[in-house]
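# Chains, contacts and geometry: an overview
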Amino acid sequence: MDRIAERIFHESIRIAGGLKGLVEYRNLTWLPSLAEAAYVIALKNEAIKTNREIAEYLGITENTVKKILTVDEKTVEEFLRGEREKAGEHVAGGLAKLAYRRIKENRDNMNERIEIMEESAKSLGVDWAVHILSKIKGLDFPVEKNKLLERLKNYKIMGTPIEEILDRLSYPVRNPAELLHGIRENLRKH
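The model shown is predicted, which means the values in this text are computed figures rather than measured ones.

### Focus: the packing of aromatic side chains
All chains considered together, the criterion is met by zero aromatic pairs. If you follow K49 out to its NZ or CZ, it ends over the ring of Y57, 5.6 Å from the centre.

Dropping the structure here:
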């Protein structure tokens, strides 16, 4: 939850024009409120918590949670564009809501791009590389054969068991790129 709240916090600052923008608005006092609002928005959208649970978790009032969640972010956008003199109550809440929406849109776009890349890899006959990379995610390199076998057991590439392919590689494998290259070269030869 910390990571999501931090992303919302940083994106909110970007939306406000960066730290310089906050200085120009003469509202550096927004930062604590912005951190609070980022957590409220993250908890409400990612952890499906009630207003009371959020308030208790953060040590704030339920009314503050409600204000953050009900602020009209469009009013805040108009204020930031200079179309309004005042942004109304809880600007930080509006910024956090705008930031979360932007992050979610980017996440949705990223998931769509990943799906397109996976389909492209499959149509090119290299979907095995995507699968291998997903299975070895978090593995420390350089790596020995036994560690790769633990992650990749029972997988076949173009009908060839991964165990046979890994038998033909040199160890230790220094990095994921070297692993994929070695597999590809083995597939070409055999």
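### Topic: the side chain of E11
Relative to the assigned elements, E11 resides in helix α1 (residues 2-15). A polar atom in the side chain of E11 sits 2.8 Å from the side chain of R102. Ignoring anything within four residues of it in the chain, the contact list for E11 reads A99, R102 and I103.

### Considering the nonpolar core
Across soluble globular proteins, nonpolar side chains have a tendency to be buried as a group. Core analysis: the largest hydrophobic core is formed by 30 residues, its most contacted members being I8, V40, I41, V65 and L95. Mapped onto this core, the elements with two or more residues apiece are α1, α3 (30-46), α4 (51-58), α5 (62-70), α6 (73-80) and α7 (91-124). Element by element, the count of residues in this core is highest for α7, at eight residues.

### Some words on unusual backbone geometry
Backbone torsion omega between F141 and P142 reads 0°, so that peptide bond is classified as cis. Among the structural elements, P142 can be located in the loop between α8 (127-136) and α9 (145-152). Here the amide bond leading from Y171 into P172 is cis, since omega sits at 0°, within 30 degrees of zero. By the element assignment, P172 lies in the loop between α10 (162-167) and α11 (176-189). Despite not being glycine, N154 shows a phi value in the positive range, around 65°. One can find N154 in the loop between α9 and β1 (156-157). Phi angles above zero are rare outside glycine, and M158 is one such case at about 50°. Looking at the secondary structure, you find M158 in the loop between β1 and β2 (160-161). M158 gets classed as exposed once you look at its relative accessible area, which sits at 61%.

Basis of the calculations
Residues numbered from 1 in each chain as written. Predicted model: local features only at pLDDT ≥ 70, side-chain atom pairs only at ≥ 80, totals over all residues. Heavy atoms only, no water. Phe/Tyr/Trp six-rings, centres within 6.5 Å; stacked < 30°, edge-to-face > 60°. Lys NZ or Arg CZ within 6 Å of the ring centre and 35° of its normal. Helix = DSSP H or I, 4+ residues; strand = E, 2+ residues; numbered from the N terminus. Polar contact = N/O pair within 3.5 Å; in protein donor to acceptor, adjacent residues only side chain to side chain. Contact = heavy atoms within 4.5 Å. Core = buried A, V, L, I, M, F, W, Y, C linked by side-chain atoms within 4.5 Å. Buried < 20%, exposed > 50% of the residue type's maximum accessible area, 1.4 Å probe, protein only.

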